[in-house]
Each structure stands twice: as C-alpha cells, then as structure tokens.
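Structure assessment
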Amino acid sequence: MVETFNNLLLGFSVALQPQVLMYAFVGCFIGTLVGMLPGVGPLAGISMLLPATFGLDPIIAIVLLAGVYYGAMYGGSTTSILIRLPGEAASVMTCIDGYAMTQQGRAGPALAIAAIGSFVAGTLGVVGLMLLAPTLATFALRFGPPEYTALLLMGLLVLAYMTGGSIPKTLAMAGFGLMLGMIGIDAMSGYTRFSFEVVELSDGIGIVPVAVGLFGISEILLTATQDIPSLPKNPSLRELMPSRTEFKQSIGPIARGSALGFLIGIIPGSAHIISSFISYGVERRVSKTPERFGHGAIEGVAGPESANNAAATGAFIPMMALGVPTSPVTAVMIAAIMVHGISPGPMLITEQPKLFWGFVASMYVGNVVLLILNLPLVGLFVSLLRIPYSYLYPCILAFCILGCYSVSNSVVDVWIMLSMGGVGYALRKFGFDLAPVALGLVLAPMLELSLRQSLAMSAGSYAIFIERPISAVMLGFGMLMLLFSLKPLLSKSNKKDWRSSAGLDEVS
Amino acid sequence: MDRQPAPSGGRQLRSDQVSGLMLVALALYVWWMNRAYPMGSLSEPGPGYVPFLLAIFMGVMGLLVALSGGKSMPLAAIQWTEAKRAIALLAACGVAAYALERLGYRITMAALLVFFLGVMERRKPIMVATVGIGFSLVTYYLFAMLLRVPLPVSPWGF
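In this report, we go over the structure that sits alongside the text. The structure displayed is predicted, hence computed values, not measured ones. (Residues numbered from 1 in each chain as written. Chains lettered and ligands numbered in written order. Predicted model: local features only at pLDDT ≥ 70, side-chain atom pairs only at ≥ 80, totals over all residues. Heavy atoms only, no water.)

This part takes up the overall build of chain A. When helices and strands are counted, chain A shows 23 helices and two strands. Residue burial in chain A is summarised as follows: out of 508 residues, 65% are buried. Taking the intrachain contacts of chain A between residues at least 6 apart in sequence as the baseline, contacts between residues at least 24 apart amount to 80%. Total accessible area on chain A is roughly 18000 Å²; 66% of this is exposed by carbon and sulfur atoms. (Helix = DSSP H or I, 4+ residues; strand = E, 2+ residues; numbered from the N terminus. Buried < 20%, exposed > 50% of the residue type's maximum accessible area, 1.4 Å probe, protein only. Contact = heavy atoms within 4.5 Å. Areas by Shrake-Rupley, 256 points an atom, 1.4 Å probe, with all protein chains shown as cover.)

What follows is the structure, encoded as structure tokens:
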C-alpha cells in the first residue's frame, strides 16, 4: 500500500507539470465536444487526433487521448438530456429519463447529477485501476503463448455473450475482423497475404481507417439527412443544483453504476455502452417505484452515466497490464503508445513507471477538469450545438479524411476508411454489431502468433490449451459464456434472459 | 430490431438469410484466395493455416445466420431512404481521396466542402465559400504548421 502511495506521488509529480495539465485540459475539452456531436464518437475523435500525438512525449500523448475518451463519456450526456440526441452510443439510456426531466423543467439537476455521477465513477474507477493493474500485470508474467491464445479466445466468446444480439452474427463479425487482420506480411514466415499487389497493404490494415470508417463515416451516411432538434434554454448555474431528495435518490445508483461499470469495463466489447444499458436495467429492477422510470426518474440518469464512465476507466486495466485491448478505443491508444517504441504489457508498469503512474494521476486531474467543464460551461457547449448539422457533417467528413491520411501519409488508408464506411453502413442496415470487427482486427496478429507458437511448443497438439491450468480455466470460462449465450436460442421458453431484460438487444 | 413474425402468405427473402449467404460467399472467397499460401503442418503451421481456420469459422457462422434467419426482417422491409445521399457522399469523398495528392490538401478540401455545402445542402454562397476556404486553411495551418503533420501540396505550391 505504501508502495502504491509512493508510486501515485510519482504520478502526480508528472501529471501536475504545466504541460501535462494543459494537454489533459485540451483532451477533456475536445472529448466533451466529441461526445456531444452526433457522428463523432470517442473512437473517431481519438483516431483523428492520433497523428497529432506522434510528435509529443508519450506521457502527454496518452494523457491527451485518455482525456478525449472519458471527456466523450461526459459530453454525451448533455445532448441526451437536453435534446434527446445521444452524442455517442453510451448515452442512449440517459435520453430516456434525462430528456423527460428536461421536459419537466428539471434539465439542470439532470445535467448536474450526470456530471457528479461521472466524476465519482471516474474517480473510483481510477482507484480500481491503480490497485488492480499492477497485480494483474504481475500475474500476467506467468503467461506464455497458450495463455495468451486462451485469453484472446475467451475475450471474443465473452464479447459474444455480452453483446446480446444474435450470437452467430456477433461471432461472424469477429471472424470478419480477424480476417481483415490477416492482410499483410505474416510475421512468422514473411509471406505477404491478401495484399492484391497493393504495396501499402503489405503493412496490414490499420485500426484507424477501419474504426473511423465503420463508426464515423457509416454514422454520417445514416444520419446526414437528419437535423438536430431545437434546443431548450441554457440552464443557469443556480438551476443546476439538485434538491436534497434528488441527491439522496442518486447515491445508490451512482455507487452501483460505478461498481458495475468498472467490472464490465475490464471485459472485452463495447463495455461503456453495455454497462449503461445494464445499469439502467438494474436501477429499474431495484427501484421501489419502477413506474417512474421513463418519466423523469433521476436514478435513470445517475446509474447509466456513472456506469459508462467507470467502464471507460476499467477498460484501461487489460490494456495497461496485459497489452490486450478490450475495445477499439483502447486498441487505438495502444497504437499511440507503440508509435513511441513502448509496448504495453506486464512489463510496462515496472519498466515505465512514470508513464503508468503519470497516466493514473492525470485521470484524477482529468475528472476534476471535466467536472469544472461540464457544470459551469455547459451553456457554452450547448451553444455549439446550434450550428446546423448540414454544416457540421461535411466538416466531420473532411476531418475523417484528414485524420486517416495523416496517420501514415497514405491515400490507401483513406480508401480503406471509405470502403469500411460503406461496409459499416450496409452491415448496420442488416442489424450487425460493428464493435467485434474492430476488436477482431486488433486481436488478429496476437491471436495468430500465439496460436502458432503454442502449436509449435506442443508439437502440434491442441491439448496444450487444456493441460496448462491458466489457459484451461480461461477457455472453460469462455465456453461457459458461449453455452449461456446459446441457452436462449435452444430454450423454447419465452422468458427473456438478463441481457434482453437490460435492453441489450438494442445495443446491436 | 431484426426479429419480426413471418407474414402468413408467400415466401419472402429475409435480411439474415441474405446477409448469412453473403458471409458464406466471403468465406469461400477467402478459402479460394488462401490456396496460394502454404498450410504447413500442425507442429509448424504455415501462413495459410489461420486464414483457413477463419474461412471455415466464417462459413459456419454465415450458415448459422442464414439458417436461423427465417424470422428476421423481410429484405424488402429494410429502408434505404438515405442510400442515394450516402452514395453521393461516399463518391465525393472518393474523388477527394483521388485528388488529395494531385491537387494538394487545401484545394481538395475547399472543393469538397463547397460541393457538400453548395451542391448537396444548397447553402448561401457566402457561407459556402467562408466554410470551405476557411476550414481548409485553418486545418492546414493547425496540422501542417503547428503540429508538423505533412500534408500534400499542389504542383503549384499551394
């Protein structure tokens, strides 16, 4: 514990440097904007900023990008509450009761509770990250190729369980992502695969063009004809103050949302989205007056908003401790660190203590910055929404092209982004979830390498995965999740499983 | 979203049946392409080994999607109201991607925004010019000058 405290002090000595503080502020500010604007989720925002971080110190780069990520979680709530338009998917559940509160003239308390809940959850999440990541990293030193293979397979199976929609469709999308990851030079043999004689494809397909295409471009293609509804009056600072009863009603949901979101954040998938859906379902279930939900219950704002922020922090644990991304966002952040020659993984915390603890401390600072940004400056952010969407989306598209081109100064990346935009648009029309595609693409090289190394270690015997206890447990857990997810398909009972009850069908 | 009761009369093609068969077709294509790469042995898997496994996996999942898609949304019920606009947006971005390294960043972006705002959105010419030219110049200054991200320049040095 003393060691953790000393490490945290080291982190604060980094995070409180004026330059780091400034970039944390810039990241949070951009993140809040990104979260508010429809069509630009945290992933597209981070991807577009990625090239700008190449010339920065790695600590500053990661602080800036993390600020965008959790800033987007905060920002998404504002448009959900005021105009029933979720700036990003994790805020969908906040629309229900948040907008109902706005219609009742209680937009101020809804915005305040969303910001306070996000602050508390974000801070508790950082405490969890601080305590859990080093322990997990020490444990992960025992991992060899079979354990990594089992871990990655478990991640994909858990994702299939958590997503809630059709299991074959989710797994097919993960398979599609893994296939995209096969493009380029094979690290073990040097063969160039599926490159269609395009030289740029020899390096493989990057996560940035795929992520921006699938999530950013496809969203704009779907929504370009819509316009943002008219805005209500900006709430004044005095109107933001929730009543004592509202505070009391929010304590439980914030605590439950923080714990739930943090735990779900560690699991692969769109954790910040899933956690907000589950939190809403839980709050409705534990409430003594569930009939208030949908008509302006403050618990329906406090729970999901806390959950999505805690999940955003929880997602950093496997990223930092194992070097394994659990979402497309953390995958892009891993790319940002690797550009600087630093590999996330079990050795990161011991080899780069300044980076890890500076990052942890900057998240404490970032949460305070966001609380300041989101309460007194809410009016300023809302004013930006008065820009007609017909002006916004062309600029967002231009930013997407700029961001993708600048990653490796290649027009091929822009072509990939546009192709993925078209593919994402069609897949969404057919009801497919896109997160597994991005996740599969990122995990593909790791999965292929560890699988082939495992088979080489065992002279071609797949039994190695069940002979080694850690990989056997992980594969067993993954299979259990798969069986659970198949249960509703096999069962003839009409009873909904917990994912449907929590509204998870709507995620996909 | 994709679960709807089947109508009583007539056999309609369902969305999941079509998308499942498309996935099977993609799996077959990958399998066909993968023949060019050595499979290796189990103890020393070659570069074609994992793509082969993935093609089988995709094919099986595609079949499952197609076979279990009997109650999904009818193909004809999918709304494509914004499709024409989406194609126009993508095509314009494609032209911009082609022009980017030929005409330079500033001219391409200004032209792209003028097309979006002036032709597609029919905004006032003064606003179209201000946003189009302003965006390209400001972002060029921000990225190329301040952040030192190399952006393409036209043959005329602009």
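Each partner contributes to the interface: chain B provides 65 residues, whereas chain A provides 58 residues. In total, about 5500 Å² of surface goes out of reach between chain B and chain A, with carbon and sulfur atoms giving 78% of it. Where chain B packs against chain A, one counts two salt bridges. Ionic pairing is found between Glu82 of chain B and Lys429 of chain A, a salt bridge with its closest N-O pair at 2.9 Å. If you look at where chain B meets chain A, you find twelve residue pairs in polar contact (both at pLDDT 80 or more). For the side of chain B that touches chain A, the elements supplying multiple residues, two or more each, are α1 (15–34), α2 (49–67), α3 (83–103), α4 (105–120) and α5 (125–146) of chain B. (Buried area = accessible area lost by both parts, 1.4 Å probe. Salt bridge = Lys/Arg side-chain N within 4 Å of Asp/Glu carboxyl O. Polar contact = N/O pair within 3.5 Å; in protein donor to acceptor, adjacent residues only side chain to side chain.)

Residue and element names in this part refer to chain B. Taken together, the side chains of Tyr141, Leu142, Met145, Leu146 and Leu147 make up a nonpolar region of the molecular surface, amounting to roughly 480 Å² of accessible area. With respect to the helices, strands and loops of the structure, Met145 is situated in helix α5. You can call Met145 partly exposed: its relative accessible area is 44%. (Patch = residues over 30% accessible without salt bridge, like charges linked within 9 Å, V, L, I, M, F, W, Y side chains within 5 Å.)

If you walk through the whole model with that rule in mind, you get 18 aromatic pairs over all chains. Note on Tyr191 of chain A and Tyr37 of chain B: the rings are 6.5 Å apart at their centroids and 80° apart in plane angle, and the pair reads as edge-to-face. You can see Tyr191 of chain A sitting in the loop between β1 (184–185) and β2 (192–193) and its partner Tyr37 of chain B sitting in the loop between α1 and α2, one on each of two chains. Over the ring of Trp32 of chain B we find Arg35 of chain B, and its NZ or CZ is 3.6 Å from the ring centre. Here Arg102 of chain B stacks its cationic end above the ring of Tyr98 of chain B, 3.9 Å away from the centre of that ring. (Phe/Tyr/Trp six-rings, centres within 6.5 Å; stacked < 30°, edge-to-face > 60°. Lys NZ or Arg CZ within 6 Å of the ring centre and 35° of its normal.)

All names here are of chain A. Axis separation between helix α5 (residues 92–103) and helix α6 (residues 107–140) bottoms out at 7 Å; the angle between their running directions is 145°. Facing Gly98, Met101 and Thr102 of α5, the residues of α6 in contact are Ala107, Pro109 and Ala110. Taken together, the residues of the contact of α5 with α6 break down into four nonpolar, two polar and no charged. (Axes fitted to C-alpha atoms, helices over the stretch in contact; angles between N-to-C directions. Nonpolar A, V, L, I, M, F, W, Y, C, P; charged D, E, K, R; others polar.)

So, on to helix α20 (residues 435–457) of chain A. Think of an α-helix as turning once every 3.6 residues; residues three or four places apart then point the same way. Residues and elements named next belong to chain A. Here α20 is 23 residues long and its end C-alpha atoms lie 32 Å apart, about the 33 Å a rise of 1.5 Å per residue gives. Of all the bends found along α20, the most pronounced is centred on Leu443 and spans about 45°, while Pro445, a proline, follows it within four residues. Counting buried positions along α20 yields 17 of 23 residues, so the element is predominantly enclosed. (Expected span 1.5 Å × (residues − 1). Bend = angle between axes of the 7 residues up to and from the residue.)

What follows is about the side chain of Ser471 of chain A. Here Ser471 of chain A shows up in helix α22 (residues 469–490). Those residues in contact with Ser471 of chain A that lie beyond four places of it in its chain are Pro146, Glu147, Ala150, Ile464 and Phe465 of chain A.

This part takes up the environment of Ile334 of chain A. Tracing the chain through its elements places Ile334 of chain A in helix α14 (residues 328–338). When the C-alpha positions of Ile334 of chain A and Ala312 of chain A are compared, they lie 15 Å apart, and in sequence the two are 22 residues distant.

All names here are of chain A. With the rule as written, the count across this model stands at eleven salt bridges over all chains. Here Arg452 makes a salt bridge to Asp186, at a shortest N to O gap of 2.8 Å. Of the two residues, Arg452 is situated in helix α20 and Asp186 in the loop between β1 and β2; the sequence distance between them amounts to 266 residues. Like Arg452, the residue Asp186 is buried in the burial classification. A salt bridge links Glu299 to Arg292; the shortest N-O distance between them is 2.4 Å. For Arg292, a relative accessible area of 27% translates into the label partly exposed. Salt bridges linked by common partners bring Asp186, Arg193, Glu448 and Arg452 together as one network.

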